[in-house]
Amino acid sequence: MEVAPGIRRITLPLPTGPRHVHCYLADGTLFDTGLGLGDTDWSALGIERIAITHMHPDHVGGAAAAAAATGATVHQGALDYAQCERVWGSADWPERMAAWFRWNGVPARVSDELIVQGHAFAPFISYAPGPECLAEGDELDGWHVVELPGHADGHLGFLRDGVLVGGDHLLAEISPAVGLYPESRPDPLGDYLASLERTIELAPRLVLPGHGDPIHDAATRARELIEHHEHRLDATAAALSAAPQTGFEISLALFGEELAPTERRFAVAETLSHLERLVAAGRAERHEDGRGLAYTDF
Ligand SMILES: [Zn+2]
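Just so it is clear, the model here is predicted, and its values are computed rather than measured.

S.K.: Describe the overall build of the protein chain, with residues and values.
M.R.: The secondary structure content of the protein chain amounts to nine helices and 14 strands. The C-alpha radius of gyration of the protein chain comes to 19 Å, within 12% of the 19 Å expected for a compact globule of 298 residues. Referenced to the eigenvectors of the C-alpha coordinate spread, the extents of the protein chain come out at roughly 60 × 40 × 30 Å. Counting all 298 residues of the protein chain, 52% fall into the buried class.

S.K.: Account for the sheet that holds strand β8 (residues 139-140), with residues named and values stated.
M.R.: Pairing within the open sheet is mixed, and its five strands lie in the order β8-β9-β10-β11-β12. Edge positions in the sheet fall to β8 and β12 (206-209), since each has one partner strand and no second. Here strand β10 (residues 156-160) runs beside strand β11 (residues 163-167); their pairing, made up of three bridges, is antiparallel. Counted as the bridge partner of F158 is V165 from β11.

S.K.: Break down the nonpolar core for me, with residues and values.
M.R.: Ranked by size, the top nonpolar core spans 66 residues in total, and within it L30, W42, I50, V60, W88, L170 and L196 carry the most contacts. Residue contributions to this core peak at seven residues, all from helix α7 (residues 218-239). The residues contacting I50, other than those within four sequence positions of it, are L30, T33, A63, A66, A67, T70, A72, T73, V74 and H75. The next biggest cluster of nonpolar side chains, apart from the first, holds 17 residues, and it includes V3, A4, L140 and V165.

S.K.: Pulling in residues and values, what's your account of the packing of aromatic side chains?
M.R.: The relation between two aromatic rings is expressed through the spacing of the ring centres and the mutual angle of the planes. Scanning the entire structure with this criterion turns up six aromatic pairs. Measuring from centroid to centroid gives 5.1 Å for F31 and W143, while their planes differ by 70°, and the two rings are edge-to-face. With F31 in strand β4 (residues 29-31) and W143 in strand β9 (residues 143-147), this pair connects stretches of sequence that are 112 residues apart. W143 shares its class with F31; the two are buried. Sitting above the plane of the F255 ring, R232 keeps its charged end 5.1 Å from the centroid. One residue, R265, lies across the ring of F266, its end atom 4.9 Å from the ring centre.

S.K.: Can you lay out the sheet that holds strand β1 (residues 2-4) for me, pointing to particular residues and giving the numbers?
M.R.: One open sheet holds the seven strands; their spatial order is β1-β2-β3-β4-β5-β6-β7, and the pairing between them is mixed. Every other strand in the sheet has two partners, leaving β1 and β7 (132-134) as the edge strands with one partner each. The average undirected angle you get between the axes of adjacent strands in this sheet is 30°. Relative to strand β5 (residues 49-51), β4 runs parallel, the two sharing three bridges. The partner of T29 across the bridge, within β5, is R49. Of the strands in this sheet, β4, β5 and β6 (73-77) are in contact with helix α2 (residues 63-70), which crosses β5 at around 165°. Packing of helix α3 (residues 78-89) onto the sheet brings it into contact with β6 and β7, and relative to β6 it is tilted by some 95°.

S.K.: Before we move on, could you go through the coordination of the zinc ion and cite the residues and values that matter?
M.R.: Six octahedrally arranged donors around a metal ideally form angles of 90 or 180 degrees; four tetrahedrally arranged donors ideally form angles of 109.5 degrees. Only H54 (NE2), H56 (ND1), H151 (NE2) and D168 (OD) from the protein reach the zinc ion as donors, at distances of 2.1 to 2.4 Å. Every donor counted, the four donor atoms about the zinc ion form angles of 87 to 175° at the centre, which fits irregular coordination. If you list the donors of the zinc ion from N- to C-terminus, the spacing comes out as H-x1-H-x94-H-x16-D. Of this pair, H56 sits in the loop between β5 and α1 (57-60) while H151 sits in the loop between β9 and β10, and the two are 95 residues apart along the sequence. The exposure class of H56 is partly exposed, given its relative accessible area of 21%. Residue classification places H151 among the buried residues on the basis of a relative accessible area of 12%.

S.K.: Summarise the side chain of H22; cite the residues concerned and give the values.
M.R.: In this fold, H22 is placed in strand β3 (residues 20-26). A distance of 2.8 Å separates a polar atom in the side chain of H22 from a polar atom in the side chain of T11. Discounting residues that sit within four places of it in the chain, H22 has contacts with R9, I10, T11, P209, G210, H211 and G212.

Thresholds applied
Residues numbered from 1 in each chain as written. Predicted model: local features only at pLDDT ≥ 70, side-chain atom pairs only at ≥ 80, totals over all residues. Heavy atoms only, no water. Helix = DSSP H or I, 4+ residues; strand = E, 2+ residues; numbered from the N terminus. Rg over C-alpha atoms; globule rule 2.2 N^0.38 Å. Buried < 20%, exposed > 50% of the residue type's maximum accessible area, 1.4 Å probe, protein only. Pairing = 2+ DSSP bridges. Core = buried A, V, L, I, M, F, W, Y, C linked by side-chain atoms within 4.5 Å. Contact = heavy atoms within 4.5 Å. Phe/Tyr/Trp six-rings, centres within 6.5 Å; stacked < 30°, edge-to-face > 60°. Lys NZ or Arg CZ within 6 Å of the ring centre and 35° of its normal. Axes fitted to C-alpha atoms, helices over the stretch in contact; angles between N-to-C directions. Donors = N, O, S within 2.8 Å, 3.2 Å for Na, K, Ca; no water. Tetrahedral: all angles 85-135°; square planar, octahedral: opposite > 155°, others 65-115°. Polar contact = N/O pair within 3.5 Å; in protein donor to acceptor, adjacent residues only side chain to side chain.

What is shown is where atoms sit, not what they do.
If you want it as structure tokens, here you go:
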């Protein structure tokens with residue numbers, strides 16, 4: 001399907017979440033590769049290079065297969081690739097992540113399940129090893145590389161003639177997840193809010209997102225998301241008190257008590273990104289003792 005002159009959208013199924021992910025093909029450049037679970041035939045599309053917006057499984061998981069089928073070079077952000085290797089290529093990543101969640105108050109029955117799921121899932125994520133690394137200011141076949149951290153630390157956008165291939169930075173129907181994770185940048189929500197301001201300045205006339213419909217008024221959508229997070233920050237601040245609470249405990253107040261382990265993982269990560277933004281803004285305090293991290297109001 002042609003979504004802009006010379007740009008085709010290729011939509012692949014996902015087993016969970018939004019149930020689909022979009023890849024885009026412009027001239028010989030393929031942006032993102034899907035989860036890689038299906039048997040997509042990439043060979044007949046004239047793909048010369050592959051650009052990855054970010055290392056989440058539904059964007060990078062099919063990169064090795066797409067590269068092998070086409071002989072294309074793969075291009076990915078340097079920080080994004082480092083995190084991609086760490087998360088999908090380290091045998092002990094699920095344990096490291098679970099230990100960090102426990103440090104934030106997540107009970108063992110939840111974190112143990114995350115370890116099991118992490119080990120079951122990782123072997124299916126076939127990212128392309130040793131890509132050409134991209135950074136802000138680079139150009140790829142006429143596309144300007146723009147760093148848009150927040151949804152992922154190393155998230156890239158690609159801008160050409162007012163069209164931004166935006167990955168999951170800006171979505172029309174859903175608020176992109178912005179979570180804090182271990183061994184990552186310290187204030188992802190601060191990063192994300194700055195990237196939204198940057199989007200307003202860049203004022204692309206069309207954003208092609210990883211999920212959902214194209215966005216024609218990026219500035220309005222960016223302002224909506226800024227406002228959304230201001231409300232979420234206020235709700236997070238309101239859940240704090242003088243008594244220390246863990247990120248897990250505050251996630252119960254914000255997201256409810258009845259969540260499956262995978263959903264709880266996202267809820268705690270999202271809660272922590274808001275708590276760390278509040279700490280950076282002087283609206284909350286972080287406390288650490290021998291048992292873990294907790295937060296109070298300021
Ligand atoms: Zn994503």
